[in-house]
Amino acid sequence: MPKTITIRPLCCGCMRVSESVPYGNDVNLKLSAHQIFARDEKRVVLPVYAFLIEHPQGRFLIDTGFPRELSPKGEYDPKAVSAMLPKHLAQFYRPWVPQGMAITEQLESLGLKPSDLDCVVLTHFDPDHIGGLKSLKGAKRDIVAEDEYFWTCRTVYRARQPQRFYQGVPMEHYWFKGSDVGPNRWAYDVLGDGTILTVNVPGHTDGMVSVLVTNGELLEHKHRFVLLTSDAAFTPRNWREMITPGFGFDPKLQRRGLEWIASQEKREGCLAVLTSHDPDLNPQPITIALA
Ligand SMILES: [Zn+2]
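**Student:** Which residues make up the pairing of strand β1 (residues 4-18), and what values go with them?
**Tutor:** Taking burial as the measure, the 15 residues of β1 include 12 buried ones, the bulk of the element. Bridge count for β1 against strand β14 (residues 286-289) is four bridges, and the pairing is antiparallel. Note that in β14 the partner of I5 across the bridge is I288. Here β1 runs beside strand β2 (residues 43-55); their pairing, made up of 11 bridges, is antiparallel. In the strand pairing of β2, S18 is matched with R43. Here β1 runs beside strand β4 (residues 95-96); their pairing, made up of two bridges, is antiparallel.

Have a look at this one:
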């Protein structure tokens, strides 16, 4: 039997956000905070995806979606949301989690418990990516880039990334290493064999990572990979039309990230580029054969 890696997109909730969130271009947090509170007709509904990677060396979960607690009945519940998120974030996201879609429920439908996860990889600490973390108690490891963790605790990120979602959860922090991959040439090889790389793509936050899942082949013509962008892009339109998502910290860096994603999509071995918030994402599992 040939060995394979399977990547399963799992929709773990929805959010009704300002249209500047996916396509804000130069709408950034410093200049345009007021646009966070967009009127209803200026909002769009976006899905929130996590990704399960079934790998010969274990099960890896990329991000966690929103927690069930902010949507107890599976619908938008402003009271429950306000109990979990500070006012400005409750208004920013207007989130809900349809029944069966919280991360633990998604895993259960695959016959899995949190303790079946070998590693939860957090791309960054925004609530739509880390919100479900505490429901995954029992996962063997939770890992995050030190660059993300360091700034989250200490700076303006604190307002955007509430501590309640990660405080008290033992978490491994890793350092990026110099790499020939990514716009910043910083990456971390999770298994040491090149099959799961977290790649620093700064701009949305400083420490944010996209995740490259590969067959580990070094020869370009045999190399196959799937790129999970996290919030470096919200939909393919971002890199195809060079429109940066809004409310990042550095639109210039975001643009560099989009250029890198566009260059990856053009490579021969690219099987898919998937974002965390694409309403047109095909949720079918993708399989990569290992050499
Ligand atoms: Zn996001």
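More follows now that the structure is in view.
**Student:** Could you give an account of the state of the cysteines, with specific residues and numbers?
**Tutor:** As used in these notes, a disulfide is a covalent bond between sulfur atoms, one from each of two cysteines. For the coordinates displayed, the defined rule picks out zero disulfides. Not engaged in a disulfide, the cysteine C119 finds its nearest cysteine sulfur in C12; these two sulfurs lie 17 Å apart.

**Student:** Quick rundown of the coordination of the zinc ion? Include the residues and the values.
**Tutor:** Within the first shell, the zinc ion binds the protein through D128 (OD), H129 (NE2), D231 (OD) and H277 (NE2), at distances of 2.0 to 2.2 Å. If you list the donors of the zinc ion from N- to C-terminus, the spacing comes out as D-H-x101-D-x45-H. One end of the pair, D128, is in helix α5 (residues 127-130); the other, D231, is in the loop between β12 (225-228) and α8 (236-240), with 103 residues separating them in the sequence. Here D128 matches D231 in class, with each residue buried.

**Student:** Explain helix α9 (residues 251-266) residue by residue, including any values.
**Tutor:** Compared with an ideal rise of 1.5 Å per residue, which puts 16 residues at 22 Å, α9 spans 23 Å between its outermost C-alpha atoms and is within 8% of the ideal. Within α9, the full set of buried residues consists of P251, Q254, G257, L258, W260, I261, A262 and Q264. Residues of α9 that are buried make contact with β10 (196-200), β11 (209-214), β12, α8 and β13 (270-274). The backbone nitrogen of K252 lies 3.0 Å from a side-chain oxygen of the residue at the head of α9, namely D250.

Thresholds, definitions, all that
- Residues numbered from 1 in each chain as written.
- Predicted model: local features only at pLDDT ≥ 70, side-chain atom pairs only at ≥ 80, totals over all residues.
- Heavy atoms only, no water.
- Buried < 20%, exposed > 50% of the residue type's maximum accessible area, 1.4 Å probe, protein only.
- Helix = DSSP H or I, 4+ residues; strand = E, 2+ residues; numbered from the N terminus.
- Pairing = 2+ DSSP bridges.
- Disulfide = S-S within 2.5 Å.
- Donors = N, O, S within 2.8 Å, 3.2 Å for Na, K, Ca; no water.
- Expected span 1.5 Å × (residues − 1).
- Contact = heavy atoms within 4.5 Å.
- Polar contact = N/O pair within 3.5 Å; in protein donor to acceptor, adjacent residues only side chain to side chain.

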